[in-house]
Amino acid sequence: MVIAHDDGTCAAYAHLKRGSVTVRPGQRVAQGDLIGRLGNTGNTSMPHLHVQLMDHPVIDAAAGIPMRWTNIELEDIDPQWQKHAKAPERSALEGMPRDGQIFRAL
């Protein structure tokens, strides 16, 4: 799913559960609206959400735009996910959650 923002950027949301999307093309959405449910598509072992900010609504033609989360609260890593919580790459932005780490946007 791709959502176009008023500032000209677009956000792609991938790996939503099949049949769970609650919005239709052209529909206006607001912060906090339910757009779909997490799924387990792709080559993965668990449900997850892939989000990317872009400069164009067509994913194959878009360039990525850095995205910053503000007001996030990092939580400890659940012990059952510890094996997935590898250290961040050197190129990772400071303050980003580690693989397997849960965060809440406040």
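Preceding this section is the structure that the text describes.
Definitions and cut-offs
Residues numbered from 1 in each chain as written. Predicted model: local features only at pLDDT ≥ 70, side-chain atom pairs only at ≥ 80, totals over all residues. Heavy atoms only, no water. Patch = residues over 30% accessible without salt bridge, like charges linked within 9 Å, V, L, I, M, F, W, Y side chains within 5 Å. Areas by Shrake-Rupley, 256 points an atom, 1.4 Å probe, with all protein chains shown as cover. Salt bridge = Lys/Arg side-chain N within 4 Å of Asp/Glu carboxyl O. Helix = DSSP H or I, 4+ residues; strand = E, 2+ residues; numbered from the N terminus. Buried < 20%, exposed > 50% of the residue type's maximum accessible area, 1.4 Å probe, protein only. Contact = heavy atoms within 4.5 Å. Pairing = 2+ DSSP bridges.

*Asks:* For this particular structure, what's the right way to read a nonpolar patch on the surface?
*Replies:* A cluster of nonpolar side chains, namely W69, L93 and M96, defines an oily patch on the protein surface of about 280 Å² accessible area. The topology assignment puts W69 in the loop between β4 (64-65) and β5 (72-74). Overall, the relative accessible area of 39% leaves W69 in the partly exposed class.

*Asks:* I'm lost on the environment of C10 in this one. Help?
*Replies:* As for its position among the elements, C10 is in strand β2 (residues 10-14). We classify C10 as buried; its relative accessible area is 3%. Expressed as a C-alpha distance, the spacing of C10 and M54, which sit 44 residues apart in the sequence, is 5.2 Å. Residues contacting C10, with those up to four places away along its chain left out, are V2, I3, A4, Q52, L53, M54, H56 and P57.

*Asks:* Would you mind going over unusual backbone geometry with me for this structure?
*Replies:* Leaving glycine out, the prevailing phi sign among residues is negative, and the prevailing peptide bond configuration is trans. One non-glycine residue with positive phi stands out, namely H15, at about 80°. Tracing the sequence through the fold places H15 in the loop between β2 and β3 (50-54). Note on H15: relative accessible area 22%, which makes it partly exposed.

*Asks:* Got a minute to help me understand the pattern of salt bridges in this structure?
*Replies:* Side-chain pairing between opposite charges can occur once the charged atoms of the two side chains come close. Per the stated rule, a full pass over the model turns up one salt bridge. We note a salt bridge from D6 to R28, for which the minimum N-O separation is 2.7 Å. Of this pair, D6 sits in the loop between β1 (2-4) and β2 while R28 sits in the loop between β2 and β3, and the two are 22 residues apart along the sequence. Of the two residues examined, D6 and R28, each falls in the exposed class.

*Asks:* Help me understand the pairing of β3 in this model?
*Replies:* Side-chain positions along a regular strand alternate between the two faces of the sheet. For β2 and β3, the ladder comprises five bridges, and the chain directions are antiparallel. Note on β3: the bridge partner recorded for A12 is Q52. In this sheet, β4 lies alongside β3 in antiparallel orientation, the contact comprising two bridges. Paired with M54 across the bridge in β4 is G64.

*Asks:* Quick question: what am I supposed to make of the pairing of β2 here?
*Replies:* Across three bridges, β1 lies against β2 in antiparallel orientation. Counted as the bridge partner of I3 is A11 from β2. Hairpin connection, β1 to β2: the antiparallel pair is bridged by five residues, and G8 has positive phi, about 95°.

Purely geometric numbers; function is a separate question.
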